[in-house]
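A look at the structure
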Amino acid sequence: MSETAVIVDPPAEVAAAAPKTAAPAAWRSRWVRPAWGVAERDMIRFLRQPTRIVSAILTPLLFWAMLGFGVGSSFQPGGAGEEGGVGYATFLLPGASLLLVMFTAVFATIGVIEDRREGFLQSIEVSPAARGAVVAGKLAAATALAVAQAAVLLAIGWAATGTLAWWGQALGAAVTLTLASVAFGGVGLAAAWVMRSTASYHAGMMVVLMPAWAISGAVFPFSTAPPAMQALMLCNPVTYLNSLHAAAVLGPEAAGLGVTLWVAGPVAVLATAGSVALAWRAVSRRGG
């Protein structure tokens, strides 16, 4: 005895609801899940390499300790030793944490070159995942790792210098560190996406980022720099990131800013947005 299939039209309510559920599902499949997968993969890979964790934290920490306490007596940043001034170890603390963020961003985004060799990037390119999800996942992982490590350095620095006066400093430092992490990560991702060698990537990033960090007011204050150097510092986007971060870590009075917060804030946000746009454009190009 054969059975005849009966096709029943769905109720109007069900038919009307179908398009509404399709959009969130497509969003999850094209954006949320790929971004989460990329971020999780990068974080697991980083945590499985303890030497990267130790080197990323230890290098800026030793740099800060040796310069800040070793040769700090030779410097007078922001009127150190005068009323309202700070010692060099205190002055250098925001710059050292910014350096740690920069190192972490470089080490995190260099994995893009390894992903290309392993075929991971090729699988993403042929998948329905949005290219923006790759950017979001990479930057999320780099930012989470950078902020976590920088928090350790800042905690040590605040304890050693006794400069943590209120918890708003910690919250402000977390915000500015996040901003800097995204900015450095975007530049690193854009560079790594078009390079084929880890050696050339690392060398190129150090040539660009280290001078940018050094003349951002992280090592010496804006007020003591010669006019030509001050002009370079004002043209350097990292200057505004460092000024904003220093104001959060030490307070605007102790930071000795070369630019006002009303200028540093918007420029730092614009620089970060430009970095993300640069990474997005690089990843969106075919044949990356």
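This is a predicted model, so every value here is computed, not measured. (Residues numbered from 1 in each chain as written. Predicted model: local features only at pLDDT ≥ 70, side-chain atom pairs only at ≥ 80, totals over all residues. Heavy atoms only, no water.)

Here we take up the overall build of the protein. Of regular secondary structure, the protein possesses twelve helices and zero strands. In sequence order, the protein lays out its α and β elements as α-α-α-α-α-α-α-α-α-α-α-α. Counting only residues that meet the buried cut, the protein has 45% of its 288 residues in that class. Contacts in the protein between residues at least 24 apart in sequence constitute 77% of all its contacts with a sequence separation of at least 6. When the accessible surface of the protein is summed, it comes to about 14300 Å², and 70% of that surface belongs to carbon and sulfur atoms. (Helix = DSSP H or I, 4+ residues; strand = E, 2+ residues; numbered from the N terminus. Buried < 20%, exposed > 50% of the residue type's maximum accessible area, 1.4 Å probe, protein only. Contact = heavy atoms within 4.5 Å. Areas by Shrake-Rupley, 256 points an atom, 1.4 Å probe, with all protein chains shown as cover.)

This part covers the nonpolar core. Core analysis: the largest hydrophobic core is formed by 57 residues, its most contacted members being F184, W193 and Y201. The element best represented in this core is helix α3 (residues 88-109), accounting for 14 residues. (Core = buried A, V, L, I, M, F, W, Y, C linked by side-chain atoms within 4.5 Å.)

What follows deals with the packing of aromatic side chains. Under the counting rule described, the total for this entry stands at two aromatic pairs. Consider the rings of F63 and W213, whose centres lie 5.6 Å apart with planes at 65°: the pair is edge-to-face. One end of the pair, F63, is in helix α2 (residues 50-70); the other, W213, is in helix α8 (residues 198-218), and 150 residues separate them in sequence. Looking at F63, the relative accessible area reads 25%, which means it is partly exposed. (Phe/Tyr/Trp six-rings, centres within 6.5 Å; stacked < 30°, edge-to-face > 60°.)

Judged by side-chain polarity, V54, L58, L62 and M66 come together as a nonpolar surface patch covering roughly 380 Å² of accessible area. Turning to its location among the elements, M66 is positioned in helix α2. (Patch = residues over 30% accessible without salt bridge, like charges linked within 9 Å, V, L, I, M, F, W, Y side chains within 5 Å. Salt bridge = Lys/Arg side-chain N within 4 Å of Asp/Glu carboxyl O.)

None of the figures reported here should be taken as evidence of function without further support.
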